[in-house]
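Report on the structure
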Amino acid sequence: MKRNRFWLIGLMLLTALVLIIWSPFSQTTTSTCFESETFCDNRILPAALATTPTASLSLGGTYQDPAGRFQVGILEGYNVSSAGVSPLFSSPDGNLAYTVLVRSRSSGRLLTAATLAQIAIDTFRRGEGFIPDRFRPLGPGRVQVPWTGSLTMGGNTQPMNGMILVSQPQQDILMLLISATQTGRDRVDTAVATLADSLQPL
């Protein structure tokens, strides 16, 4: 039980950290992507191979942003709290959590998959040990970015991993960040598949 509480607190701190890193007043990105190519940060990022979900997850409800910006599904049995101005959804065992961030834009021009991936990387790149993997385009205005990182608490460093689902359904950009411990990593792909269609603008 203590270990589960430890990881729940850890996931909340990780999510809060990336929310602090992202400034809601910064409306521009330092993107180094070339819009006609899939180069980001001087790395070639071709589409990743799809993986097969390994565990069953289902939706138990829908969360609607109080500011009227988006809605997203609540995985069945997950706890709902907040981290800064964004919601935080965490599994009962504390090994997987997710949140949604909104990045406002002044233009409704549809961005390329490479640019959307770079915006996600620029948003979360200061997270502890944050390393993005090859992004995977999911169609116009949608891309997912796998990532790995670490979390240090009490002098102990533990590996983390997850996925960022980036969507530009209208003008603003929605980013669904999923974080997992080593124990919860097998649920990441299933969580993405279950939540992807539920992330919608209001």
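In this report, we go over the structure that sits alongside the text.

So, how was this worked out
Residues numbered from 1 in each chain as written. Predicted model: local features only at pLDDT ≥ 70, side-chain atom pairs only at ≥ 80, totals over all residues. Heavy atoms only, no water. Helix = DSSP H or I, 4+ residues; strand = E, 2+ residues; numbered from the N terminus. Pairing = 2+ DSSP bridges. Contact = heavy atoms within 4.5 Å. Axes fitted to C-alpha atoms, helices over the stretch in contact; angles between N-to-C directions. Core = buried A, V, L, I, M, F, W, Y, C linked by side-chain atoms within 4.5 Å. Buried < 20%, exposed > 50% of the residue type's maximum accessible area, 1.4 Å probe, protein only. Phe/Tyr/Trp six-rings, centres within 6.5 Å; stacked < 30°, edge-to-face > 60°. Expected span 1.5 Å × (residues − 1). Salt bridge = Lys/Arg side-chain N within 4 Å of Asp/Glu carboxyl O.

Some words on the environment of S90
- Within the secondary structure, S90 is located in strand β6 (residues 86-90).
- Between the C-alpha atom of S90 and that of V80, which follows or precedes it by 10 residues, the distance is 6.7 Å.

Comments concerning the pairing of strand β11 (residues 156-167)
- Bridge count between β11 and strand β12 (residues 173-180): 7 bridges; the pairing is antiparallel. Looking at the pairing, N161 lines up with A180 of β12.
- Here β11 hands over to β12 after 5 residues, the two strands then running antiparallel side by side.

A word on the sheet that holds strand β3 (residues 59-64)
- Pairing within the open sheet is antiparallel, and its 3 strands lie in the order β3-β4-β13. Looking at which strands have only one partner, the edges of the open sheet turn out to be β3 and β13 (200-201).
- Note that β3 and strand β4 (residues 70-75) share 5 bridges and pair antiparallel. Bridging across to β4, Y63 finds its partner in V72.
- The strands touched by helix α3 (residues 188-195) are β3 and β4; relative to β4, the strand with the most contacts, the crossing angle is about 130°.

Focus: the nonpolar core
- Of all hydrophobic cores here, the largest spans 23 residues; its most connected members are F70, V72, Y98, L176, I178, V188 and L199.
- Once residues lying within four places of it in the same chain are set aside, the contact partners of L199 are F70, Q71, V72, V100, L174 and L176.
- By size, the runner-up hydrophobic cluster in this structure holds 21 residues, among which are A114, I121, F124 and L151.

Thoughts on the packing of aromatic side chains
- Per the counting criterion, the structure on display carries 5 aromatic pairs.
- Here the aromatic rings of Y63 and F89 are separated by 5.5 Å at their centres, their planes lie at 80°, and the arrangement is edge-to-face. Separated by 26 residues along the polypeptide, Y63 in strand β3 and F89 in strand β6 bring together distant segments of the chain. With respect to class, Y63 is no different from F89; both count as buried.
- Between Y78 and Y98, the ring centres sit 6.1 Å apart and the planes meet at 45°, which makes this aromatic pair tilted. Placement of Y78 in the loop between β4 and β5 (79-83) and of Y98 in strand β7 (residues 96-103) is noted, with a sequence separation of 20 residues between them. Neither Y78 nor Y98 differs from the other in exposure class; each is buried.
- Feature note: the residues Y63, F70, Y78, F89 and Y98 constitute an aromatic cluster, connected by ring pairs.

A few points about α3
- Of all 8 residues in α3, 6 are buried; the element is thus mostly enclosed.
- Among all positions in α3, only V188, T190, A191, V192, T194 and L195 are buried.

Some details on helix α2 (residues 113-124)
- Over its 12 residues, α2 runs 17 Å from end to end, which matches the ideal 16 Å to within 8%, given 1.5 Å per residue.
- With respect to burial, α2 is a largely interior element, 11 of its 12 residues being buried.

Quick notes on the pattern of salt bridges
- This structure, assessed with the given rule, holds 2 salt bridges.
- The closest approach of N and O atoms between R69 and D65, which form a salt bridge, is 2.7 Å.
- For D93, the salt bridge goes to R187, with nearest N and O atoms at 2.8 Å. Of this pair, D93 sits in the loop between β6 and β7 while R187 sits in the loop between β12 and α3, placing them 94 residues apart in sequence.
- R187 gets classed as buried once you look at its relative accessible area, which sits at 17%.

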